[in-house]
Amino acid sequence: MVELTGSKKIKTAVFISGTGSNLKNLIRFSKLKKSPISINLIISNNNKAKGLKFSKIYKIKKKIFNLKNHLNEKKLLLLLEKNKINLVCLAGFMKILSKNFIKNFKGKILNIHPSLLPKFKGLNTHERVIRNNEKYSGCTVHFVNSKLDSGKIILKKKVKINKNDTPKILKKKILAQEHKLYPKAILKIFSL
Ligand code: GRF
């Protein structure tokens, strides 16, 4: 549990690669009085990410990094430092961060994954869950360590799978729960 001293919110960067519905949701959460975080930076590895539009809508600085190369990751670390970022929230970020990056932000990177971890790590989660005839799936917020989708779990939410659910339907159902779970997990680890 991290106790905040004073009334300053934790400067947070959200990393995205796609739609950014979790980003939008985190921004809205951050504006609530009870929120321990402020969103100060949006980072994307994809210049076509739809979620980048929230930078303009909410007037939050954005930066695109092609993280295929090592040097860019160094630049990213410098940018985070310059903006006094103290928490990184991954939200549909499709790139694996290097060990060095994770070491620099040890215990300060969160991720949301659309399954009940440790089950169904990795990509195409909903397809695999349905193919496996699971009765339940859900979402998990966890700390990020150097192994994919394997860091300490903060919170999970179970979602029932109906007989006729397709991966698309399941994705939608789980996404609605993700939007509740991410802020809840943030409130759980930081108390004002
Ligand atoms: C979410 O399902 C999240 O769990 C996964 O990628 C999806 C991102 O959705 N990691 P969005 O871009 O936040 O709408």
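Everything quoted here is computed from the prediction, not taken from an experiment.

Caption draft 1: Expanded view of the site of the ligand. Lining the immediate environment of the ligand, one finds Thr 19, Gly 20, Ser 21, Asn 22, Gly 92, Ile 112, His 113, Pro 114, Leu 175 and Glu 178. Within the backbone of Gly 20, a nitrogen or oxygen atom sits 2.8 Å from an oxygen atom of the ligand. Every element with two or more residues in the shell around the ligand is listed here: helix 1 (21-30), strand 6 (109-113) and helix 6 (167-189).

Caption draft 2: Representation of helix 3 (residues 70-82). Along its 13 residues, helix 3 runs 19 Å from first to last C-alpha, staying within 8% of the 18 Å computed at 1.5 Å per residue. Buried positions along helix 3 lie against strand 2 (10-16), strand 3 (37-44), strand 4 (61-64), strand 5 (87-90) and helix 4 (99-104). Directly after helix 3, the chain includes Lys 84, whose backbone phi takes a positive value near 55°.

Caption draft 3: Layout of unusual backbone geometry. Leu 117 connects to Pro 118 through a cis peptide bond whose omega is 10°. Along the chain, the position of Pro 118 falls in the loop between strand 6 and helix 5 (125-131). For Phe 120, which is not glycine, the phi dihedral falls at a positive 55°. Structurally, Phe 120 can be placed in the loop between strand 6 and helix 5. The exposure class assigned to Phe 120 is buried, which follows from its relative accessible area of 16%. In the Ramachandran plot, Asp 149 falls in the positive-phi region, its phi being about 50° despite a non-glycine side chain. With respect to the element layout, Asp 149 can be found in the loop between strand 7 (136-143) and strand 8 (153-160).

Caption draft 4: A look at the packing of helix 1 against helix 6. Where helix 1 contacts helix 6, the two axes come as close as 10 Å, and the packing angle between them is 45°. By the criterion of interaxial angle, the relationship of helix 1 to helix 6 is oblique. For the crossing formed where helix 1 meets helix 6, the hand is right-handed. Taking contact as the criterion, the partners of Ser 21, Asn 22, Asn 25, Leu 26 and Phe 29 in helix 1 are, on helix 6, Leu 175, Glu 178, His 179, Tyr 182, Pro 183, Ile 186 and Leu 187. A per-class count over the contact of helix 1 with helix 6 returns seven nonpolar, four polar and one charged.

Caption draft 5: Fine view of the packing of aromatic side chains. Tallying each qualifying case throughout the model produces four aromatic pairs. Measuring from centroid to centroid gives 5.2 Å for Phe 15 and Phe 93, while their planes differ by 75°, and the two rings are edge-to-face. Of this pair, Phe 15 sits in strand 2 while Phe 93 sits in the loop between strand 5 and helix 4; the two residues are 78 residues apart in sequence, bridging distant segments of the chain. For the residue pair Phe 15 and Phe 93, the accessibility class agrees, reading buried in each case.

Caption draft 6: Representation of the layout of surface pockets. Taken as a whole, the largest pocket encloses approximately 990 Å³ of empty space. What lines the largest pocket is a set of 36 residues, among which Gly 92, Phe 93, Met 94, Ile 112 and Pro 114 lie closest to the centre. Grouping the constituent residues of the lining of the largest pocket by class yields 13 nonpolar, 17 polar and six charged.

Caption draft 7: Structural detail: the pattern of salt bridges. Counted by the stated rule, this structure contains two salt bridges. For Asp 165, the salt bridge goes to Lys 173, with nearest N and O atoms at 2.5 Å.

Conventions adopted
- Numbers given for residues are sequential positions, taken from 1 along each chain in its written order.
- Since the coordinates come from a predicted model, pLDDT governs what is reported: local features require at least 70, and pairs of side-chain atoms require 80 or more to be given and counted, while whole-chain, interface and lining totals use all residues.
- In computing side-chain values, all of the structure's heavy atoms are included and hydrogens and water are not.
- We define proximity as follows: a residue is near a molecule or strand when any one of its heavy atoms falls within 4 Å of that partner.
- We call two N or O atoms a polar contact when they sit within 3.5 Å, provided that within protein one can donate a hydrogen and the other can accept it, with sequence-adjacent residues counted only if both atoms are side-chain atoms.
- Each helix is a run of H or I in the DSSP string that is no shorter than four residues. Each strand is a run of E no shorter than two, and both are numbered from the N terminus.
- Expected helix span is computed as 1.5 Å times (number of residues minus one).
- Throughout, a residue-residue contact means that at least one pair of heavy atoms, one from each residue, lies within 4.5 Å.
- Burial classes: relative accessible area under 20% of the type maximum marks a residue as buried, over 50% as exposed, and values in between as partly exposed (1.4 Å probe, protein chains only).
- Helix axes are fitted only over the stretch in contact, all axes being lines through C-alpha atoms; the angle between N-to-C directions runs from 0 to 180 degrees.
- Here roughly perpendicular refers to angles of 65 to 115 degrees, roughly parallel to angles under 35, roughly antiparallel to angles over 145, and oblique to all remaining angles.
- The hand of a helix crossing depends on one turn: near helix anticlockwise from the far one by less than a right angle means left-handed, and clockwise means right-handed.
- Amino acids are sorted into nonpolar (Ala, Val, Leu, Ile, Met, Phe, Trp, Tyr, Cys and Pro), charged (Asp, Glu, Lys and Arg) and polar (every other residue, Gly among them).
- Working definition: a ring pair exists when centres of Phe, Tyr or Trp rings (six-membered ring for Trp) sit within 6.5 Å. Plane angles under 30 degrees give stacked, over 60 give edge-to-face, the rest tilted.
- Think of a 1 Å grid over the protein atoms and nothing else: a 1.4 Å probe that fits but is trapped marks a cavity, an open set flanked by protein within 12 Å on at least five of seven lines marks a pocket, and residues with an atom within 4 Å of a point count as lining.
- Grid points are joined across faces, edges and corners, and a volume is the space filled by probe spheres set on the points.
- Whenever Lys or Arg places a side-chain nitrogen within 4 Å of a carboxyl oxygen from Asp or Glu, that contact is recorded as a salt bridge.

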